[in-house]
Each structure stands twice: as C-alpha cells, then as structure tokens.
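Chain by chain, the residues:
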Amino acid sequence: MKERLEALRAEALQELQQVAGQQQLNDLRVKYLGKKGALTEILRGMGGLSAEERPIIGQVGNEVRAAIESVIEEKQEAYRQEETAARLREETIDVTLPGQALPAGAVHPLNKVVQEIEDIFVGLGYSVAEGPEVETDFFNFEALNLPKNHPARDMQDSFYITEDILMRTQTSPVQIRTMKAMNGKSPVKIICPGKVYRRDDDDATHSFQFNQIEGLVVGPNIRMSDLKGTLLQFVQLMFGKQAQIRLRPSFFPFTEPSAEVDVTCSQCGGHGCRMCKQTGWLEILGCGMVHPRVLEMGGYDPNEVSAFAFGMGVERIALLKYGIDDIRHFYTNDQRFLNQFARM
Ligand code: DAH
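Residues numbered from 1 in each chain as written. Predicted model: local features only at pLDDT ≥ 70, side-chain atom pairs only at ≥ 80, totals over all residues. Heavy atoms only, no water.

Q: What am I meant to see in unusual backbone geometry here?
A: Leave glycine aside and you will find that most residues have negative phi; peptide bonds, for their part, are mostly trans. Here the amide bond leading from S186 into P187 is cis, since omega sits at 5 degrees, within 30 degrees of zero. Take P187: it is sitting in the loop between α7 (173-182) and β4 (188-197). Cis geometry is found at the peptide bond from E256 to P257, where omega equals -5 degrees. Examined against the element boundaries, P257 turns out to sit in strand β7 (residues 255-264). Backbone geometry places K277, a non-glycine residue, at a positive phi of 50 degrees. Here K277 is to be found in the loop between β7 and β8 (281-290). (Helix = DSSP H or I, 4+ residues; strand = E, 2+ residues; numbered from the N terminus.)

Shown next as structure tokens:
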C-alpha cells in the first residue's frame, strides 16, 4: 500500500508539472484529492491493515496529500498572479493620450459688451434697472417731453401695436419708470441695458432691433461737469487710458442742454483714418442735463434736484471696440464670427 501511495505521489507531481491552465489544475485536484479521487480510493483499503501498519500508512497518506496540495497551491498562486498582472495590463490608462475636446459655449459679443459696461458703472456705484420692451406711448415719448405730433418723433420711426402701445424705440422710458418708482427720493444712479425697436431697413449700420444702454443720475447739484467726468471715466475704462472725449452741442427733447459725445478713434488713435472719416473722432452716445419738464413728469421738483442722462447703442460700441464693419454679423450667429470672441 505504501508503494501505491508513493507511486501516486510521483504520478500526481509529474502530471502537475505539466499542468496547463486553471481548468486542468482543478481537474487534477479532483482526480487526486477529490472525494472519489485516487488518494481516497487507496486509503479506503486501510480497513484491512493491521493495527501497527495503520498509523504508518496513515502518515504516508497524509504526507502524499500534503505534497500534492502544496504543489496545487503553488500553481494556483502562480495563476492568480498571472491573472492580476493581465488585468493590470488591460486596465492601464495612457495618461499621455489627448483629452476629448468638449465644445464649450461662449458669451455673445454683444452681451459681453453689455456686461463690461455694466461692470464699469456698477463699479461707479450705479444699479442696473430694467423696463418693458412693449411700452406705452406715454413712457416712450410723452413723459420724455415728446408730446403727440412733436416733430422729433419722426427721428424714431416706431412699431405701433395700438395707438397707445408700441415697441419701445429707446431705453429712455426706463428713466421715467425709475424716477416714478423712487417717489421723489434721490439720489438715483442707474443704467438700463435693453433691446429697442425701430422701423429701419437693415443694413451694415442699421437694424430694426438693437440694444441700448441708458444712464440716469438724479440728485441735488448734479452738473454738466459731473456728466462729462463720468463719461470720460467710462470711455477710458472701456477703450483705454489714452481715449479722450469731446462733446458737441446737439438736441434731444428730454435734455437741455444736450450733447453728442465722440471718443478718440480707436483705430488710428485720433490721427484720422477711414473708420473715423479722417476726423480722429467716433460718435458713441447722446447725453444732456435732464429737461426740467421730464424731472417733473418723473415726480421731482426741478428746483431741488437736477439730473444728467445718457444713452448709447451697444452695437455701435461693440463695432468700434472690436473693429467690426457690419452690424449684421451680430445677428446671423455664424460660429466662425462668434468663436473669435470665445476666448477674449
Ligand atoms: N434715447 C436717445 C436715442 O435713442 C439717446 C439718448 C440721448 C438718451 C440723450 C439719453 C440722452 O438719455 O440724455 O437716440
């Protein structure tokens, strides 16, 4: 019996040496050590042994089992390590591969300019106000000192919805709305960005819908010099320290005196070029001291407070700032145009 056990060990170890693969290793385990395996089969014969022989054979049996088990365990461990190594190889991440580019959206250049102007004025202590785009004739014209049949209404051809309701032609009605909402309290310091509508034929410099930013400051002793200083400050923050302004007398029904403001041409630095038509100046906004009658209609006593106001076209500022030659670029949403502003 001892010889049979030794032979079994030799056979098993021999076979295990040549094992190829996990499956075969399992098969061999069953074949030699399983409940119906070869070793059990031999040891079953122990019943017929003498009392002296039994422990000796039992010990040999245990040794054979231990020897086979240890080789199987060894092989098993090798397979485990191989498997782990294979998994690691498979799951390796190449950190040098280029990333996947996600197309990111960007702020529209017009909104960028609005945000920039808002930031400048908020930095000067202004708040941002809003008003409706569908406006009454009263707020859009009448309260701004433009009574019905006033010839200056012709300057702003309007989209009327009814006789009394129209698409606002300017952001100036927000001046009146803000003043009324303040109930005679001062100071007022607001800017109001928003869309306005006019019956214009679209071309390189005109659009039936465009954006304006209105400004209004009301308080005791507000003077023309405050207006001028404010606008110079704004222009230098917007276009650079070298920018200067010049005020030209003008007319608006809601301001007296009124002025149009030019800024040093950003293209040529004031020397004269095609963009500024050789003048060195570019017109950027209208402004003035708020007309006493407008203050009254806003609920203020013109003997106690004075006010300045200004209004500018956002598209025009954007054209000048970025050297764009056609306002329609802003509305056609051509990505080749828009993408140029994505990283600015
Ligand atoms: N509302 C004027 C326009 O659309 C612009 C303007 C001029 C606004 C003078 C003002 C101002 O507040 O004082 O042409």
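There's plenty left to go through after this.
Q: What should I look at first to understand the site of the ligand in this one?
A: Inspection of the region around the ligand gives 16 residues, with Q170, Q175, R198, Q212 and E214 positioned closest. Separating a nitrogen atom of the ligand from a side-chain N or O atom of S172 is a distance of 3.0 Å. Within the side chain of E214, a nitrogen or oxygen atom sits 2.5 Å from an oxygen atom of the ligand. Relative to its free-state accessible area of 360 Å², the ligand is covered by the protein chains to the extent of 92%. Among the secondary structure elements, those contributing two or more residues to the shell around the ligand are β5 (209-219), β8 and β9 (306-313). Each residue belonging to the shell around the ligand can be placed in one class, and the counts come to 5 nonpolar, 9 polar and 2 charged. (Near = heavy atom within 4 Å. Polar contact = N/O pair within 3.5 Å; in protein donor to acceptor, adjacent residues only side chain to side chain. Areas by Shrake-Rupley, 256 points an atom, 1.4 Å probe, with all protein chains shown as cover. Nonpolar A, V, L, I, M, F, W, Y, C, P; charged D, E, K, R; others polar.)

Q: Would you mind showing me how to read the environment of K189 here?
A: By the element assignment, K189 lies in strand β4. Dropping the residues within four chain positions of it, K189 is found in contact with L124, G125, Y126, S127, L216 and V217. At 2.8 Å, the side chain of K189 forms a polar contact with the backbone oxygen of L124. (Contact = heavy atoms within 4.5 Å.)

Q: How should the pattern of salt bridges be read in this particular structure?
A: Opposite charge on two side chains allows them to pair when their charged atoms are near. Applying the stated criterion across every chain, the model contains 18 salt bridges. E77 is paired through a salt bridge with R80; the nearest N and O atoms lie 2.6 Å apart. Here R80 and E77 lie together in helix α4 (residues 53-90), a separation of 3 residues that amounts to about one turn. We classify E77 as partly exposed; its relative accessible area is 33%. Where D326 meets R328, a salt bridge forms, and the shortest distance between an N and an O atom there is 2.9 Å. With a relative accessible area of 15%, D326 lands in the buried category. (Salt bridge = Lys/Arg side-chain N within 4 Å of Asp/Glu carboxyl O. Buried < 20%, exposed > 50% of the residue type's maximum accessible area, 1.4 Å probe, protein only.)

Taken by themselves, the reported measurements are silent on function.
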